[in-house]
Amino acid sequence: MGSPVPQWRGVMVPLLLFWLLSVAIGLTVGGAGLAPFDVARALTGEGEPTARAIVLELRLPRIALGLLVGGILAVTGAALQALVRNPLADPYLLGLSGGASLGAVLAIQMGVASPWGMPAAAFAGALGAIAVVYRLARVAGSALDSRILLLAGVVVGAFAGALTSGVLAVSESAAVRSAMLWLLGGLGGVGWTGVLALAAWSAPALFVLALEARNLDLLSLGEEPAQHLGADVARTKRRVYVAASLLTAAAVAAAGIIGFVGLAVPHLLRLLRGHGHRGLLPAAFALGGAFLVLADALARSLFAPLELPVGVVTAVVGVPVFAVLLRRSVIGVKR
Amino acid sequence: MSGAALQLERASVRLSPALPRQLDDVSLSVAEGECLALVGPNGAGKTTALRALLGLVALESGRASVFGREIGSWDRSELARSVGVVSQREEPVFPLLVAEAIAMGRYPYLGTWSQPSAADRDAVQRAMARADVVSLEHRWVETLSGGEWQRVRLARALAQEPRALVLDEPTASLDLRHEMELFELVIDLVRRENLAALVVSHHLNVAARFADRLVLMSAGRVVSAGAPSQVLTAETLSSVFGWPVSVSWLSDGTPQLYPERKPLKPLSNQE
């Protein structure tokens, strides 16, 4: 019998093609002026050593990082949106990114900024931030109003940003320079080690979110209906908050603050295919990765040889999406 | 007695030490094949009683049990396979298809990685037919009327294939026909499939016609419990609702109440 539930399979194929296309574009765009043919030869291990080095040691890890970071941010955004029942939620707006970057900057400051150590510090920062955000939002009443939660997130994010600036202002210049560069958000300069560290840090958390996919479906109906349909709400919330903090921390440690990927990507997919998270989460991972790789290609080529921080590009795309969502949710409230 | 499906025994709930008890020494029980209506004025503690029964609020004292087992010993998805609940309100924040919404009634049966089986899809189809929502299957939930959404939620509860139904103000947003249809359906399930039904309702007259027994609550306590004709007396109702109420009887003996007019006092002669 024909299942009436929307089939993600129909979206997955075009999504995969788009994902591959973004990889191809990411590989061929760049300052070195390599022709697509040279890139293809370098990929198969032939061609000039310089071209090979550029493709295999610079572009490929950069693209891999973009796919991972974009995917992680989009998945995290989708999960957080279900958790707080608000389509405006994303790791950036909920203050997670701010907390994570404060943790990471402190790690840089203390000289423990390895690709493996920084995510741990960022994780601590993100967990701290979400705890404070939660507390602040609770003050407004026992029933957690998701709009107040977002407001608290923005405030905590700003506070963490101020502290980060403060730490940078009093630290030595070399540390500042490396931290500033990294804070702007970018996919360059971490290489394969960074990619590997990010993959290792994020895999368990992605697995947890996959486990909780159906509970996220239920949670977006509201906490009480979710419980009536068999979700252990307290456990799911705890797991998702920790997983989201870990994912945001890993992404921030690898690529700095990149906003709005977690907002724009899930929103687009929800419009297309309703809301089942078992399909939404993998789709968000694919589209988020492709989106960030393309944004990065744009950031590298728009003002070449100058390079825009990729966060600028994602914000330019993401903020209008935010505006549309905001307008809709306000109208929705009035209705 | 084969043990109650849903039971509160001398249950008390106090959400904050500063406040009076929301639930004060309340006992009620619903057997399989029985429909119990919980009635009373606003703030009487009806919804709190449901929440206590379902383990969503901690008891200060007393006991809540479902099919003879203490509520605390139920795993939530296990409970969802036995008890279907339609809560007072529910507003999805994301676009959702009716078919998706009803399919969620099968989540308590699904393993983490498993897909819905043929049996799951059958249960969904049966529930949709039962609640008369087959024609809504491909609609987005946000385009439904209040009554349609209510029926969809009932279908979702039926898809859980529960042995007990708990409905909190299920007909609050329904017009006359849909209200009657919903109650007829619930009673049909109770009579033919031996479900236990616990229904909170503001509509005393409808409750009197459908429920086997009523429990009348006020200020967190049970004021009266028993057959509709025992509970719905003019005296009790007038005192509980703080408004003069008269009662008459249908030909089958079912009590029906109507509130008296109480014209406003003439304005005092200050003007």
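One numbering rule holds for all chains: residues counted from 1, following each sequence as written. By the order in which they are written, chains take letters starting at A while ligands take numbers starting at 1. The predicted origin of the model limits local features to residues at a pLDDT of at least 70 and limits the giving and counting of side-chain atom pairs to 80 or more, whereas totals for whole chains, interfaces and linings rest on all residues.

## What to know about the overall build of chain A
Then, in step 1: In DSSP terms, a helix is any run of H or I states spanning at least four residues, a strand is any run of E spanning at least two, and both are numbered starting from the N terminus. A count of helices and strands for chain A gives 14 helices and zero strands.
Then, in step 2: Overall, chain A shows an N-to-C arrangement of helices and strands of α-α-α-α-α-α-α-α-α-α-α-α-α-α.
Then, in step 3: Expected size for 335 residues packed as a compact globule is a radius of gyration near 20 Å; at 20 Å, chain A falls within 12% of this value.
Then, in step 4: In terms of overall dimensions, chain A has a C-alpha envelope of 65 × 60 × 35 Å along the principal axes.
Then, in step 5: Here exposure depends only on C-beta density: within 10 Å of a residue's C-beta, 20 or more other C-beta atoms make it buried, 12 or fewer make it exposed, and intermediate numbers make it partly exposed, the C-beta atoms being placed from the backbone. The buried share among the 335 residues of chain A stands at 52%.
Then, in step 6: Here the contact rule is simple: place C-beta atoms from the backbone, and any two residues whose C-beta atoms are within 7 Å are in contact. Counting contacts in chain A only where the partners sit at least 6 residues apart, residues at least 24 apart contribute 77% of the total. For the radius of gyration, the atoms used are the C-alpha atoms, and the globule rule reads 2.2 Å times the number of residues raised to 0.38.

## Observations concerning the interface of chain B and chain A
Then, in step 1: Contacts between the two partners involve 24 residues from chain B, matched on the other side by 27 residues from chain A.
Then, in step 2: Mapped onto the side of chain B that touches chain A, the elements with two or more residues apiece are α2 (76-82) and α3 (98-103) of chain B.
Then, in step 3: Asp, Glu, Lys and Arg are counted as charged, while Ala, Val, Leu, Ile, Met, Phe, Trp, Tyr, Cys and Pro are counted as nonpolar; the rest, among them Gly, fall into the polar class. Considering only residue class, the side of chain B that touches chain A consists of 15 nonpolar, four polar and five charged.

## Here's the deal with the pairing of strand β8 (residues 196-200) of chain B
Residues and elements named next belong to chain B.
Then, in step 1: Of all five residues in β8, five are buried, a share of seventy percent or more.
Then, in step 2: Here β8 shows two buried faces, one formed by Ala196, Leu198 and Val200 and the other by Ala197 and Val199.
Then, in step 3: For two strands to be treated as a pair, DSSP must find no fewer than two bridges joining them. Pairing analysis gives four bridges linking strand β3 (residues 35-39) to β8, with the strands arranged parallel. Within β8, the position partnered with Cys35 by the bridge is Ala197.
Then, in step 4: As paired strands, strand β7 (residues 164-168) and β8 are joined by five bridges and run parallel to one another. What sits directly across from Leu165, in β8, is Ala197.
Then, in step 5: Here a crossover is taken to be right-handed if, once the strands point away from the viewer, the path from the first strand over the helix to the second is traced clockwise. In this fold, β7 hands off to helix α6 (residues 176-193), which returns the chain to β8; that crossover is right-handed.

## Notes on the confidence of the model for chain B
As a note on interpretation, predicted positions should not be read in detail where pLDDT is low.
Then, in step 1: For chain B, per-residue confidence averages 91 on the pLDDT scale, and residues scoring 70 or more make up 98% of the total.
Then, in step 2: Both scores are given for the predicted complex: the pTM is 0.88, the ipTM 0.90. A residue's pLDDT is the predictor's confidence in that residue, given on a scale from 0 to 100.

## Some points on the packing of helix α4 (residues 96-109) of chain A against helix α5 (residues 117-139) of chain A
Residues and elements named next belong to chain A.
Then, in step 1: Axis lines are fitted through C-alpha atoms, for helices just across the contact stretch, and the angle between N-to-C directions can take any value from 0 to 180 degrees. Relative to each other, α4 and α5 sit at 140 degrees, their axes nearing to 6 Å. By the angle between their directions, the pair α4 and α5 is classed as oblique. For α4 against α5, the interelement crossing comes out right-handed. When α4 is examined against α5, the residues Leu96, Gly98, Gly99, Ala100, Leu102, Gly103, Ala104, Leu106 and Ala107 are found in contact with a partner set consisting of Gly117, Met118, Ala121, Ala122, Ala124, Gly125, Ala126, Gly128, Ala129 and Ile130. By the definition adopted for this analysis, an angle is roughly parallel if under 35 degrees, roughly antiparallel if over 145, roughly perpendicular if from 65 to 115, and oblique otherwise. The hand of a helix crossing depends on one turn: near helix anticlockwise from the far one by less than a right angle means left-handed, and clockwise means right-handed.

## Here we look at the sheet that holds strand β4 (residues 61-66) of chain B
Residue and element names in this part refer to chain B.
Then, in step 1: One open sheet accounts for four strands, arranged β2-β1-β4-β5; its pairing is antiparallel. The open sheet has two edge strands with one neighbour each: β2 (23-30) and β5 (69-70).
Then, in step 2: Bridge count for strand β1 (residues 6-13) against β2 is five bridges, and the pairing is antiparallel. Pairing of Leu6 across the sheet is with Val30, part of β2.
Then, in step 3: Relative to β1, helix α1 (residues 46-53) is tilted by about 115 degrees, and along the sheet it contacts β1, β2 and β4.

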